[in-house]
Amino acid sequence: MWVQIPPAAHKNKIKKLIKMENKKFYKKTKISSDPVKIIALGGLEEVGRNMTLFEYNNQILIVDIGLQFPDENMPGIDFIIPNIEYLTSHPEKKILGVIITHAHYDHIGAIPYLIDKLNYPTIYTAPLSRGIILKRQEDFPNLKKLNIEDINPNKTLTLGPFKISPFHLNHNIPDTLGLAINTPHGLVMFTSDFKFDFQPVGDKPADLSHIAILASQGVQLLMSDSTGIENPGHSVSEKTIMDNLDNLFAQAKGRIILATFASLINRLQQAIWLSEKYNRKIIIQGYAMRTNLAIAEKLKYISIKKGTLINWKEASRLDPQKLTILCTGAQGENEATLMKIVNREHKYLRVQKGDTVIFSSSVVPGNELSVQNLKDNLAKQGANIYHYKMVDIHASGHGYQEDLKMMISLTKPRFFIPIHGHLSMLKLHGKLAESLGIPKQNVIVATNGQVIELTKNKITATEKFVPTNYIMVDGLGVGDIKEVVLRARQTLSKDGIFIVIALVDGKTGLLHSNPEIVSQGFVYMKESKELINEVKKLVREVVGRSTSGNTFNESYIRNNLREQIGLFLFKKTQRRPMVLPVVIEI
Ligand SMILES: [Zn+2]
Ligand SMILES: [Zn+2]
């Protein structure tokens with residue numbers, strides 16, 4: 001275990017410096033009895049959609065602008081973004097800037113959809129996050145150029161009545177920042193997503209001494225990540241993961257196909273190092289993964305030896321045991337590479353006997369069935385499958401109970417707000433804080449939109465709420481960005497709903513009978529016989545195309561139907577009803 005602690009003298013010097021700086025800051029800042037308002041526009045009732053406001057005298061600091069992936073009850077919806085009505089309906093409020101803690105989509109994903117409405121405030125973030133944000137912005141050519149400035153743990157930033165000192169934390173993407181925010185009513189420590197990893201891979205350990213020094217001035221409020229609260233013990237170190245992956249690499253006789261999230265930069269680095277160690281060349285599949293790697297390599301967050309990455313032509317000349325394929329799709333996502341491979345739709349790649357397929361990511365709740373389906377199909381085609389439940393080949397990026405305790409003990413806050421998680425998780429985290437001696441009345445479990453008021457002496461979860469209802473984003477096809485439409489639920493109900501019921505023969509993969517179509521609020525069925533007949537024809541085609549190779553995959557067929565019918569109806573009617581395909585295997 002290796003923790004970097006600066007020599008005592010050095011430490012005292014930094015402490016003194018911070019004290020002086022703060023004195024200056026508080027002297028300059030006009031402090032009134034107005035409270036600091038803290039409002040989460042998302043992230044308190046879900047894992048995702050993180051966006052938090054810190055407000056003082058009508059001046060607002062924004063932390064993160066993330067999105068949330070929809071659950072299975074929201075067909076046709078690509079993702080959900082925060083509701084910013086509170087900001088747009090109060091022109092007297094001034095936005096001081098946006099701080100981005102790290103480059104995961106639940107923290108940056110809604111930037112392209114909201115930055116214009118917010119009038120392009122300056123975004124402050126670390127270099128890797130900046131690179132990923134800018135790259136994504138290229139998909140939105142109609143937007144203006146972003147103002148982005150670098151921040152890092154060695155710099156403090158003053159924005160109006162807030163002085164912000166970022167500190168380094170571990171997560172599963174480099175450049176993750178926690179924030180020490182000096183406000184007119186005391187210091188707020190905001191962790192964002194984190195874990196403590198004393199043996200990280202391709203990253204430095206979280207800077208405990210920096211956190212302790214920052215906290216030594218007295219922490220008024222700690223806001224801490226609750227995502228991992230349900231797990232006892234200490235989060236698994238990336239070093240353990242590395243050792244377990246090493247074993248799999250050492251044993252694998254054929255090709256290795258490693259599927260993970262495109263944003264898990266640290267995991268990708270591990271796979272690259274291990275491939276190099278075992279003389280394997282690498283093929284990267286998946287656009288997001290390739291771009292993230294390119295950005296991380298350019299900024300030197302990742303190292304790849306020359307010649308390690310190859311193309312398909314070179315790969316075709318290699319023995320199977322000389323090849324690793326890194327790809328997306330460990331969640332069973334329909335459009336990702338792994339699904340294409342399994343469905344025999346991938347241009348070059350088919351599963352072959354002896355392949356080792358490693359799922360190196362946890363299953364996001366709601367995806368269990370699709371992942372199981374995917375694994376079954378891989379097994380059928382002869383692959384050896386390893387999933388994190390069998391061996392520790394995935395560490396969550398989020399601290400477990402012992403990490404969370406450590407954060408509370410390190411910062412010794414007077415008040416505590418658990419953030420990032422469902423209500424039950426926030427409550428558990430609140431209880432944990434109480435068990436460490438924080439009085440019950442000082443622990444605030446709040447909901448999205450609830451206005452929390454902080455003053456020198458107290459914290460109040462008020463009865464005031466700002467709007468946070470879901471804003472859904474519905475894109476038609478990737479790359480067809482002009483067609484991406486932002487719509488609230490109201491518009492959805494305006495365009496109506498279009499239900500397609502398809503009975504599919506699981507053995508032949510063909511439609512069993514004529515599909516049934518039910519429409520509500522979209523077209524008058526009687527007057528649109530021709531349109532309906534065309535849709536039925538389309539359903540037949542899409543089902544036929546989606547079941548080739550005898551692999552019946554309900555959600556894959558459903559997704560294709562939704563997409564194709566949605567496109568078709570829009571072309572014909574210029575309207576976008578909510579398309580709800582129901583696929584039943586008989
Ligand atoms: Zn994250
Ligand atoms: Zn997150």
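Since we're looking at a predicted model, the values are computed, not measured.

Asks: Explain the coordination of the zinc ion (ligand 1) here, please?
Replies: Octahedral six-donor coordination of a metal ideally yields angles of 90 or 180 degrees, compared with 109.5 degrees for tetrahedral four-donor coordination. Taken together, His102 (NE2), His104 (ND1), His171 (NE2) and Asp193 (OD) make up the protein donors of the zinc ion (ligand 1), found 2.1 to 2.3 Å from the metal. If you look at the zinc ion (ligand 1), its four donor atoms make angles of 91 to 166 degrees with each other, and the shape they trace is irregular. Written as a sequence motif, the donor residues of the zinc ion (ligand 1) are H-x1-H-x66-H-x21-D.

Asks: Mind showing me how you'd approach empty space enclosed by the protein here?
Replies: The gaps left among the atoms become clear once a water-sized probe is rolled over them. Tallied over the entire structure, the rule returns two cavities of 30 Å³ or more. Within the lining of the largest cavity, the residues separate by chemical class into two nonpolar, three polar and four charged.

Asks: Explain the confidence of the model for the protein here, please?
Replies: Low pLDDT means the predicted atomic positions in that stretch should not be read closely. Residues of the protein with pLDDT of at least 70 account for 91%, and the chain-wide mean is 87. Of the regions scoring below 50 in pLDDT, residues 1-5 engages in nine contacts with residues more than four places distant in sequence or in other chains.

Asks: For this particular structure, what's the right way to read the pattern of salt bridges?
Replies: Close approach of charged atoms lets side chains of opposite charge pair. The full count for this structure, using the stated rule, is 16 salt bridges. A salt bridge links Lys163 to Glu21, with the shortest nitrogen-to-oxygen separation between them at 3.3 Å. Taken together, the residues Lys163 in strand β9 (residues 162-169) and Glu21 in helix α1 (residues 8-28) connect sequence positions 142 residues apart. The buried category is assigned to Lys163, whose relative accessible area is 3%. The residue Asp197 makes a salt bridge to Lys195 at a minimum N-O spacing of 3.9 Å. By relative accessible area, Asp197 is classed as buried at 3%. For Lys195, a relative accessible area of 0% corresponds to the buried category. Several salt bridges converge on common partners, so that one network encompasses Lys195, Asp197, Glu238 and Arg267.

What counts and how
Residues numbered from 1 in each chain as written. Chains lettered and ligands numbered in written order. Predicted model: local features only at pLDDT ≥ 70, side-chain atom pairs only at ≥ 80, totals over all residues. Heavy atoms only, no water. Donors = N, O, S within 2.8 Å, 3.2 Å for Na, K, Ca; no water. Tetrahedral: all angles 85-135°; square planar, octahedral: opposite > 155°, others 65-115°. 1 Å grid on protein atoms, 1.4 Å probe; cavity = no way out; pocket = protein on both sides within 12 Å on 5 of 7 lines; lining within 4 Å. Points joined across faces, edges and corners; volume = space filled by probe spheres on them. Nonpolar A, V, L, I, M, F, W, Y, C, P; charged D, E, K, R; others polar. pLDDT = per-residue confidence, 0-100. Contact = heavy atoms within 4.5 Å. Salt bridge = Lys/Arg side-chain N within 4 Å of Asp/Glu carboxyl O. Helix = DSSP H or I, 4+ residues; strand = E, 2+ residues; numbered from the N terminus. Buried < 20%, exposed > 50% of the residue type's maximum accessible area, 1.4 Å probe, protein only.

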